[in-house]
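Spelled out, the chains give:
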Amino acid sequence: MKSFIVFATTILVVNALTDLDHWHSFKAKHLKVYKNIVEEKQRFNIFQTNLRIIEEHNIKYNQGSTGYYMGVNAFSDLTPEEFRTIFLRKQVFKPDAEKNIKYATSHLRVPESVDWRDHGAVTEVKNQGNCVSGWAFSSTGALEGQYKILNNISVSLSEQQLIDCSTVYDNEGCSGGLIKLAFKYLRDNGLQAEADYPYIGQDGQCQYVESKLVVPMLFTTVLIEELNENALVHGIASLGPVSLFINAEGIQNYAGGVYDDSEKCDNSKDSLNHGVLAVGYNITGNYFIIKNSWGESWGENGYIRMVKGVNICGISLVGSVPIIV
Ligand SMILES: *[C@@H]1O[C@H](CO)[C@@H](O)[C@H](O)[C@H]1NC(C)=O
Ligand SMILES: *[C@@H]1O[C@H](CO)[C@@H](O)[C@H](O)[C@H]1NC(C)=O
């Protein structure tokens with residue numbers, strides 16, 4: 001009986017497409033190639049498990065009991081454990097000896113909504129590939145925002161330089177890193193454009209060329225740490241896109257809507273494992289707009305909206321903005 005119900009629901013949700021149909025279009029869309037038939041079978045089994053998770057979740061979405069829906073994406077042939085291992089890395093946030101400016105929330109009223117994409121302050125969505133470099137994409141994103149706000153020039157900046165070169169500031173390239181260490185590196189060294197120092201998605205030799213720097217050294221980092229969401233809202237409104245760490249364990253299958261599943265991601269500081277960029281918020285809609293670095297085919301064209309008000313996935317625990325002076 002049970003299997004009949006599941007079967008019936010499947011038909012309903014997937015519009016009579018079989019798992020194999022989904023599998024074939026998934027492989028074609030994401031250019032998936034497997035070593036051999038054994039691996040392909042194993043990946044297909046995982047894919048089917050994910051399809052069931054997606055379908056069950058979307059029933060809840062259609063019933064209105066959750067604000068977001070799931071879908072097949074480039075990660076649909078991975079188990080949650082594999083996903084975590086490949087893309088996420090927990091970081092240790094040590095107390096900071098640095099004199100960073102603490103962001104003080106003012107009593108000024110903030111706009112009802114802000115979206116820095118409307119001001120050209122956000123570059124295209126990028127794709128980190130199989131490299132734990134969300135921290136680098138978050139850092140370049142915040143700096144791209146500041147550069148546009150300050151100079152009215154939109155330029156895509158180099159994550160690869162951060163991956164290759166900020167290791168001397170204790171970052172670990174494709175094994176993970178901290179945004180504040182990236183900013184520390186940038187403050188002392190400056191940053192090249194994406195075009196001059198392109199992304200390869202693996203650890204490499206530091207090869208930056210000083211004469212090609214776009215963003216010069218010397219800026220201060222405004223830390224929005226140990227904050228609350230109010231400070232995050234004010235930071236986004238008054239400073240620009242904000243670099244954040246979140247716990248990204250719950251968003252593997254996210255496809256759209258307002259993510260609100262606090263059970264799928266711990267929101268303690270110890271659990272933060274992925275760098276992202278807050279580019280806006282909407283008070284009436286009760287969400288933050290977050291730019292990710294998993295390509296445009298993930299989420300809402302590469303973005304995720306996350307619910308405001310519950311420190312979802314630790315969103316408001318560690319934030320920073322690099323201020324160019
Ligand atoms: C910013 O640049 C855009 C296009 O490059 C231009 O149309 C606009 O007038 C500039 N804004 C200011 C304030 O200079
Ligand atoms: C903010 O959210 C509300 C409610 O979902 C929506 O009606 C409105 O269009 C949103 N504002 C913007 C600027 O997107």
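Here's a quick rundown of the structure. Quantities reported herein were computed from a predicted structural model and do not represent experimental measurements.

Conventions adopted
- Residues numbered from 1 in each chain as written.
- Chains lettered and ligands numbered in written order.
- Predicted model: local features only at pLDDT ≥ 70, side-chain atom pairs only at ≥ 80, totals over all residues.
- Heavy atoms only, no water.
- Disulfide = S-S within 2.5 Å.
- Helix = DSSP H or I, 4+ residues; strand = E, 2+ residues; numbered from the N terminus.
- Buried < 20%, exposed > 50% of the residue type's maximum accessible area, 1.4 Å probe, protein only.
- Expected span 1.5 Å × (residues − 1).
- Polar contact = N/O pair within 3.5 Å; in protein donor to acceptor, adjacent residues only side chain to side chain.

1. Notes on the state of the cysteines
This model, assessed by the stated rule, comprises 3 disulfides. Sulfur-sulfur distance for the disulfide between C165 and C206 comes to 2.2 Å. Taking the torsion about the sulfur-sulfur bond, which here is approximately 95 degrees, the covalent link between C165 and C206 counts as right-handed. With C165 in helix α6 (residues 159–165) and C206 in the loop between β4 (191–192) and β5 (213–215), this pair connects stretches of sequence that are 41 residues apart. The buried category is assigned to C165, whose relative accessible area is 3%. Residue C265 pairs covalently with C313 via a disulfide, S to S 2.1 Å. Here the S-S torsion is close to -70 degrees, and the disulfide linking C265 with C313 is therefore left-handed. Residue C265 is found in the loop between β8 (254–259) and β9 (274–282), and its partner C313 is found in the loop between β11 (303–307) and β12 (318–324); the two are separated by 48 residues along the sequence.

2. Overview of helix α3 (residues 37–62)
With 26 residues, α3 should reach 38 Å at 1.5 Å per residue; the first-to-last C-alpha distance of 36 Å fits that figure. Of the positions making up α3, those classed as buried are E39, R43, F44, I46, F47, N50, L51, I54, E55, H57 and N58. Regarding α3, its N-cap is N36, as a side-chain oxygen of that residue lies 3.1 Å from the backbone nitrogen of V38 further along.

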